[in-house]
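If you want the building blocks of each chain, they are given just below.
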Amino acid sequence: MPFELPDNLHPDCGPAAWLLGTWRGNGHGDYPTIEPYQFSQELIFNHDGRPFFHYMARAWIIDEAGEKVRDGAIETGFLRCRPEGKVELLLTHNTGFVEIYYGTAEGGKLDLTTDAVVRTETAKEYVAGKRLYGNVEGDLLYAYDMAAMGEALQPHTWARLQRG
């Protein structure tokens, strides 16, 4: 699907502009403390001319046939773009986490690592994350690694999404 840069794109957002819009697709999840699963997901990146994107993501657990089993994770936040491809990502999750990531956007890639993770009293133990988003053949591919429940940083979810 063709993509056009918005007329009001803030110059600092240029290296991440390929993310703008709605993305949908399927992915996989796994971790030593859970059963492997499949999910369907929608990611939305919006921009209003200021040096950030609003981000919203929601997922649904699906069965082998691709049918919805139940609602999954929801996260929202802001990708704050800075000069020279530096970025900050602030995320809030329905599972009781707030995260701050720092990283870079360049060449169709967004590479982020947590600087801080805060969790509510009722949230599971989660201490660090790493996210990698890439524009591959016009699709959005991502991988999310996490350190949680006493486990070291390792792959947790990955997906391939198409522009909607």
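Everything quoted here is computed from the prediction, not taken from an experiment.

Definitions and limits used
Residues numbered from 1 in each chain as written. Predicted model: local features only at pLDDT ≥ 70, side-chain atom pairs only at ≥ 80, totals over all residues. Heavy atoms only, no water. Helix = DSSP H or I, 4+ residues; strand = E, 2+ residues; numbered from the N terminus. Buried < 20%, exposed > 50% of the residue type's maximum accessible area, 1.4 Å probe, protein only. Salt bridge = Lys/Arg side-chain N within 4 Å of Asp/Glu carboxyl O. Polar contact = N/O pair within 3.5 Å; in protein donor to acceptor, adjacent residues only side chain to side chain. Contact = heavy atoms within 4.5 Å. Core = buried A, V, L, I, M, F, W, Y, C linked by side-chain atoms within 4.5 Å.

## Quick look at the overall build of the protein
The helix and strand tally for the protein stands at 0 helices and 10 strands. Ordered by position in the sequence, the α and β elements of the protein form the string β-β-β-β-β-β-β-β-β-β. Projected onto its principal axes, the C-alpha coordinates of the protein cover approximately 45 × 35 × 25 Å. Taking all 164 residues of the protein together, 38% fall into the buried category.

## What to know about the pattern of salt bridges
Per the stated rule, a full pass over the model turns up 11 salt bridges. A salt bridge links Arg160 to Asp139, with the shortest nitrogen-to-oxygen separation between them at 2.7 Å. One end of the pair, Arg160, is in strand β10 (residues 154-163); the other, Asp139, is in strand β9 (residues 139-148), and 21 residues separate them in sequence. For Arg160, a relative accessible area of 32% corresponds to the partly exposed category. The exposure class of Asp139 is buried, given its relative accessible area of 14%. Look at the salt bridges and you will find they share partners, linking Arg24, Glu42 and Arg58 into a network.

## Structural notes on the side chain of Glu75
Checked against the element boundaries, Glu75 lands in strand β4 (residues 68-81). At 3.2 Å, the side chain of Glu75 forms a polar contact with the side chain of His93. Setting aside chain neighbours within four positions, we find Glu75 in contact with Tyr55, Met56, Ala57, Leu91, Thr92, His93 and Arg131.

## Details of the nonpolar core
By size, the foremost hydrophobic cluster in this structure holds 37 residues, and its most contacted members are Leu43, Phe45, Tyr133 and Leu140. When near neighbours in sequence (up to four residues on either side) are disregarded, Phe45 contacts Leu19, Leu20, Gly21, Trp23, Phe53, His54, Tyr55 and Leu140.

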